[in-house]
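Given next are the chains, with one letter for each unit.
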Amino acid sequence: MAAKKTTAAKKAPAAKKAPAAKKTAAAGGKRKPNAAFMKEMTPSAALAEIVGNKPIPRTQVVSKIWDYIKKNNLQDAKNKRQINADDKLKPIFGGKKSVTMFEMTALVNKNLT
């Protein structure tokens, strides 16, 4: 006679948890922007050539720079993360011919007071 196999007890499937409610929905309003990003900053002379010389929030500075990059076709054709500097962007980029979009944000912040 063949020996009987012992079977392990099958586990019951775990009950699925309901997704947690979002905090913003519970608050009953839109997400509030970070005050540090909304503080109006004064651009340097080099940055003012692109975004204007009036104090504006950091978020708007980055948005206007992206508009300038797209308008002048300064994004690298092969690697879209690379931004090629023209004569106006070179002083902002610290003299570099090309920077990544992540470096760009840090370099732009150095030109804001």
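In the block above lies the structure referred to throughout.
Sequence positions are assigned chain by chain, starting from 1 and proceeding in written order. Local features in this predicted model are restricted to residues whose pLDDT is 70 or higher, and side-chain atom pairs enter the listing and the counts only when it is 80 or higher, whereas totals over whole chains, interfaces and linings include all residues. Computation of side-chain values covers all heavy atoms of the structure but excludes hydrogens and water.

Caption draft 1: Looking closely at the overall build of the protein. A run of H or I in DSSP counts as a helix once it spans at least four residues, and a run of E counts as a strand once it spans at least two, with each numbered from the N terminus. In terms of helices and strands, the protein carries 5 helices and 4 strands. Helices and strands in the protein line up, N terminus first, as α-α-β-α-β-α-β-β-α. Within the protein, buried positions represent 23% of all 113 residues. Between two residues, a contact is recorded if the distance between any of their heavy atoms is within 4.5 Å. Pairs at least 24 residues apart make up 27% of the contacts formed inside the protein by residues separated by at least 6 positions. Burial classes: relative accessible area under 20% of the type maximum marks a residue as buried, over 50% as exposed, and values in between as partly exposed (1.4 Å probe, protein chains only).

Caption draft 2: Summary view of the pattern of salt bridges. Any carboxyl oxygen of Asp or Glu that lies within 4 Å of a side-chain nitrogen of Lys or Arg is treated as forming a salt bridge with it. According to the stated counting rule, one finds 1 salt bridge in the structure shown. For E103, the salt bridge is made with K96, and the minimal N-O distance between the two is 3.2 Å. Residue class for E103 comes out partly exposed when judged on its relative accessible area of 31%.

Caption draft 3: The side chain of N111, seen in detail. Counting through the fold element by element, N111 comes out in the segment after α5 (101–109). Note on N111: relative accessible area 14%, which makes it buried. Side-chain atoms alone can form a polar contact between residues adjacent in sequence; in general such a contact is a pair of N or O atoms within 3.5 Å, and within protein one must be able to donate a hydrogen while the other accepts it. Here the side chain of N111 touches L107 through a polar contact of 2.9 Å, landing on its backbone oxygen. Setting aside its immediate chain neighbours within four residues, N111 contacts T42, P43, S44, L47 and I92.

Caption draft 4: Structural detail: the environment of K96. Residue placement: K96 occurs in the loop between β3 (82–84) and β4 (98–100). With 12 residues separating them along the chain, K96 and N84 place their C-alpha atoms 8.8 Å apart. Among all residues touching K96, those that are not within four sequence positions of it are A85, K90 and E103. In terms of polar contacts, K96 uses its side chain to reach the side chain of E103, at 3.2 Å.

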